[in-house]
Amino acid sequence: MKLLIKNMVCPRCISAVKDILMSEDLTVMSITLGEAETAENLSDSQRHAVAERLHAIGFELLDDPRSQLIEQIRIAVLAWVRMDSVRPKLSDYLSGRLHREYSSLSKLFSEVRGITIERFAIHHRVEYAKELLCYSSLTTSQIAYRLGYGSPTYLSSQFKQVTGMTPREFRELEIHRRTAVSYTHLTLPTN
């Protein structure tokens, strides 16, 4: 049985969901962000127990088809943002992955989330750029091309629109934050 789960964002989320399903004596076939598949169909009591335990750690078991589709769109956009290969046009990618017309996906997403799919994707591309700026030695040009931007200027423009600063300003700010830690409160052991 396929279960759609809202708010899964990292490998630790996958582990937590797996633990919950296994504690309910369910055979886990696969788990990815936002989705788990069990060999068994869940009884009403199992479904309720799983939903309660997921809710307790900040997740939500989705039953409503509209909510399920919104979560599938969200997960697909996040996968698109982090693609390492040549990135197809977002609308084509979503239509192909979800087997629906992009216009209907876009309309539903905007109605429910209050933001367009495009703005959501831009926000997450910028978040990924921030991650790369902080934790990699890639140049802004390399990051731009890795994220599928046509030029570093286009990345810088969207980055500034979302964050209020350029990628260079952000990187410098982060470097200063990491090196400005005070160690005066530490006492060293004396021998």
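Just above, that's the structure.
Reading the values: rules and limits
Residues numbered from 1 in each chain as written. Predicted model: local features only at pLDDT ≥ 70, side-chain atom pairs only at ≥ 80, totals over all residues. Heavy atoms only, no water. Helix = DSSP H or I, 4+ residues; strand = E, 2+ residues; numbered from the N terminus. Rg over C-alpha atoms; globule rule 2.2 N^0.38 Å. Buried < 20%, exposed > 50% of the residue type's maximum accessible area, 1.4 Å probe, protein only. Contact = heavy atoms within 4.5 Å. Areas by Shrake-Rupley, 256 points an atom, 1.4 Å probe, with all protein chains shown as cover. Lys, Arg positive; Asp, Glu negative; His and termini not counted. Charge placed at Lys NZ, Arg CZ, Asp CG, Glu CD. Axes fitted to C-alpha atoms, helices over the stretch in contact; angles between N-to-C directions. Parallel < 35°, antiparallel > 145°, perpendicular 65-115°, else oblique. Left-handed = near helix turned anticlockwise from the far one by under 90°. Expected span 1.5 Å × (residues − 1). Pairing = 2+ DSSP bridges. Arc of directions from axis to C-beta. Salt bridge = Lys/Arg side-chain N within 4 Å of Asp/Glu carboxyl O. Polar contact = N/O pair within 3.5 Å; in protein donor to acceptor, adjacent residues only side chain to side chain.

A.B. asks: Just checking my understanding: could you explain the overall build of the protein chain for this structure?
C.D. replies: In terms of helices and strands, the protein chain carries 9 helices and 4 strands. Listed N to C, the secondary structure of the protein chain is β-α-β-β-α-β-α-α-α-α-α-α-α in terms of helices and strands. Against the compact-globule benchmark of 16 Å for 191 residues, the protein chain has a radius of gyration of 21 Å, which places it well outside the compact range. Taken along the three principal axes of its C-alpha coordinates, the protein chain extends 60 × 55 × 30 Å. Considering the protein chain as a whole, with its 191 residues, one finds that 34% of them fall into the buried category. Looking at the protein chain alone, contacts between residues at least 24 apart form 55% of all its contacts between residues at least 6 apart. Per element, the accessible surface of the protein chain, about 11,600 Å² overall, is 53% carbon and sulfur. Between the averaged position of the 24 positive side-chain charges in the protein chain and that of its 22 negative side-chain charges there is a distance of 9 Å.

A.B. asks: How should the packing of helix α3 (residues 65-81) against helix α4 (residues 90-98) be read in this particular structure?
C.D. replies: Geometry of a packed helix pair, given as the angle between the helix axes and the separation of the axes. At their nearest, the axes of α3 and α4 sit 10 Å apart, and the two run at 130 degrees to each other. Judged by the angle between their axes, α3 and α4 are oblique. In terms of crossing hand, the pair formed by α3 and α4 is right-handed. Touching Leu69, Gln72, Ile73, Ile75, Ala76, Val77, Ala79 and Trp80 of α3 are Leu90, Tyr93, Leu94, Arg97 and Leu98, all from α4.

A.B. asks: Please explain helix α5 (residues 102-113) as it appears in this structure.
C.D. replies: Note on helix geometry: an α-helix contains 3.6 residues per turn, so any two residues three or four positions apart are oriented the same way. Along its 12 residues, α5 runs 16 Å from first to last C-alpha, staying within 8% of the 16 Å computed at 1.5 Å per residue. What α5 keeps buried is the set Tyr102, Leu105, Ser106, Leu108 and Phe109. Where α5 is buried, its residues contact α3, α4 and α6 (117-135).

A.B. asks: Even after reading the chapter, I still don't get the sheet that holds strand β3 (residues 35-38), so can you show me in this structure?
C.D. replies: Strand pairing in a sheet relies on backbone hydrogen bonds. The paired strands run either parallel or antiparallel. Across the sheet, which stays open at both edges, the 4 strands sit in the order β2-β3-β1-β4 with antiparallel pairing between neighbours. Because the sheet does not close on itself, it has two edges, and the strands there are β2 (28-32) and β4 (60-62). Between one strand axis and the next, the sheet turns by 25 degrees as a mean value, whatever way the strands run. Two elements, strand β1 (residues 2-6) and β4, share 3 bridges in a ladder whose sense is antiparallel. Note on β4: the bridge partner recorded for lysine 6 is glutamate 60.

A.B. asks: Can you help me understand α4 in this one?
C.D. replies: For α4, the set of buried residues is Leu90, Ser91, Tyr93, Leu94 and Leu98. The arc that holds every buried residue of α4, seen down its axis, measures 160 degrees, which confines them to one face. Buried residues belonging to α4 abut α3, α5 and α6. Looking one or two places after α4, you find histidine 99, whose phi comes out positive at around 55 degrees.

A.B. asks: Where do I start with the pattern of salt bridges in this structure?
C.D. replies: Two side chains that carry opposite charge are able to pair once their charged atoms sit near each other. Tallied over the full model, the rule gives 8 salt bridges. Note that arginine 47 and aspartate 63 form a salt bridge whose closest N and O atoms lie 2.3 Å from each other. Of this pair, arginine 47 sits in helix α2 (residues 44-56) while aspartate 63 is found in the loop between β4 and α3, placing the two residues 16 residues apart along the sequence.

A.B. asks: Looking at this model, I keep getting lost on the side chain of threonine 38. Mind explaining?
C.D. replies: The residue threonine 38 is located in strand β3 in this model. For threonine 38, a relative accessible area of 2% puts it in the buried group. Side-chain polar atoms of threonine 38 contact the backbone oxygen of glutamate 40, separated by 2.7 Å. Excluding residues within four positions of it along the chain, threonine 38 makes contact with Met1, Leu3, Leu21, Leu26, Thr27 and Met29.

A.B. asks: What am I meant to see in the pairing of β1 here?
C.D. replies: For a regular strand, the rule is simple: side chains alternate between the two faces of the sheet. With 3 bridges connecting them, β1 and β3 associate as antiparallel partners. If you follow leucine 3 over to β3, its bridge partner there is alanine 36.

In short, shape yes, function no, at least from these values alone.
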